[in-house]
Amino acid sequence: GAGVSQSPRYKVAKRGQDVALRCDPISGHVSLFWYQQALGQGPEFLTYFQNEAQLDKSGLPSDRFFAERPEGSVSTLKIQRTQQEDSAVYLCASSPRRRNYGYTFGSGTRLTVV
Amino acid sequence: AQTVTQSQPEMSVQEAETVTLSCTYDTSESDYYLFWYKQPPSRQMILVIRQEAYKQQNATENRFSVNFQKAAKSFSLKISDSQLGDAAMYFCAYGNSGYSTLTFGKGTMLLVSP
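Residues numbered from 1 in each chain as written. Chains lettered and ligands numbered in written order. Predicted model: local features only at pLDDT ≥ 70, side-chain atom pairs only at ≥ 80, totals over all residues. Heavy atoms only, no water.

**Considerations on the environment of threonine 109 of chain A**
Stage number 1. If you trace the backbone, threonine 109 of chain A turns up in strand β11 (residues 109–113).
Stage number 2. A relative accessible area of 0% means that threonine 109 of chain A is categorised as buried.
Stage number 3. The spatial distance from the C-alpha of threonine 109 of chain A to the C-alpha of leucine 91 of chain A is 6.7 Å, given a sequence separation of 18 residues.
Stage number 4. When sequence neighbours within four positions are dropped, the list of residues in contact with threonine 109 of chain A reads Gln6, Ser7, Pro8, Arg9, Lys11, Leu21, Ala88, Val89 and Tyr90 of chain A together with Arg43 of chain B.
Stage number 5. In this structure the side chain of threonine 109 of chain A is engaged in a polar contact, spanning 2.5 Å, whose partner is the backbone oxygen of proline 8 of chain A. (Helix = DSSP H or I, 4+ residues; strand = E, 2+ residues; numbered from the N terminus. Buried < 20%, exposed > 50% of the residue type's maximum accessible area, 1.4 Å probe, protein only. Contact = heavy atoms within 4.5 Å. Polar contact = N/O pair within 3.5 Å; in protein donor to acceptor, adjacent residues only side chain to side chain.)

**Thoughts on the interface of chain A and chain B**
How big an interface is tends to be expressed through the accessible area that disappears when the partners come together.
Stage number 1. Taken together, the 27 residues of chain A in the interface contact 22 residues of chain B.
Stage number 2. Carbon and sulfur atoms make up 49% of the area that chain A and chain B hide from each other, which totals about 2000 Å².
Stage number 3. Connecting chain A to chain B are zero salt bridges.
Stage number 4. At the level of elements, β4 (31–37), β5 (44–50), β6 (53–56), β9 (88–95) and β11 of chain A are the ones that each hand at least two residues to the side of chain A that touches chain B.
Stage number 5. When residues of the side of chain A that touches chain B are assigned to their parent elements, the largest contribution, three residues, is made by β4 of chain A.
Stage number 6. When its residues are assigned to classes, the side of chain A that touches chain B shows twelve nonpolar, ten polar and five charged. (Buried area = accessible area lost by both parts, 1.4 Å probe. Salt bridge = Lys/Arg side-chain N within 4 Å of Asp/Glu carboxyl O. Nonpolar A, V, L, I, M, F, W, Y, C, P; charged D, E, K, R; others polar.)

Nothing here speaks to function; it is all geometry.
Here it is, written out as structure tokens:
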């Protein structure tokens, strides 16, 4: 596609509910990143994929967070047993290269846990 | 660990005027990248400008330019001939030379008045 596509754009979840957030990167992009942006803050790194391999998941805040990219294209970020502190915008970004030249971001999913 | 500091939570400028947004960072690396991203209300992070640390020449992109002071670890963004469409949140970000993640500052909200 022309850009990084994320769905849903908004998600309201009841505390304890599981959610799945989808990222469709630019076709052919090797690198894919997930970031979490709390209200009034800058994005913070969650996890990184190079093709289907998850090379860095050091930013995932707990074992309730899980990400996958099974075929090296679409990625899903799953949050189990959501809690209020999970409320944030979740941004996905992709890059055509392995080296850090700056990525293309999607418009994010705003998750609100009530 | 790298840190990025944006000390101006909010800046104001009039149309056609020039404004400078400040950013400092801390790193022990010699080879790295610095970025300015713009985030309008649509939430998509848009790359404004990129600077490679090994290049002494300051990057420019049309009305946007940077003042990169490597020894001082300073990376400010100058916006010339400001336009109403420049109003947004601006984030300074640091990235290592490899594939790795971006570290963002907390952002500066730029207000543009007619």
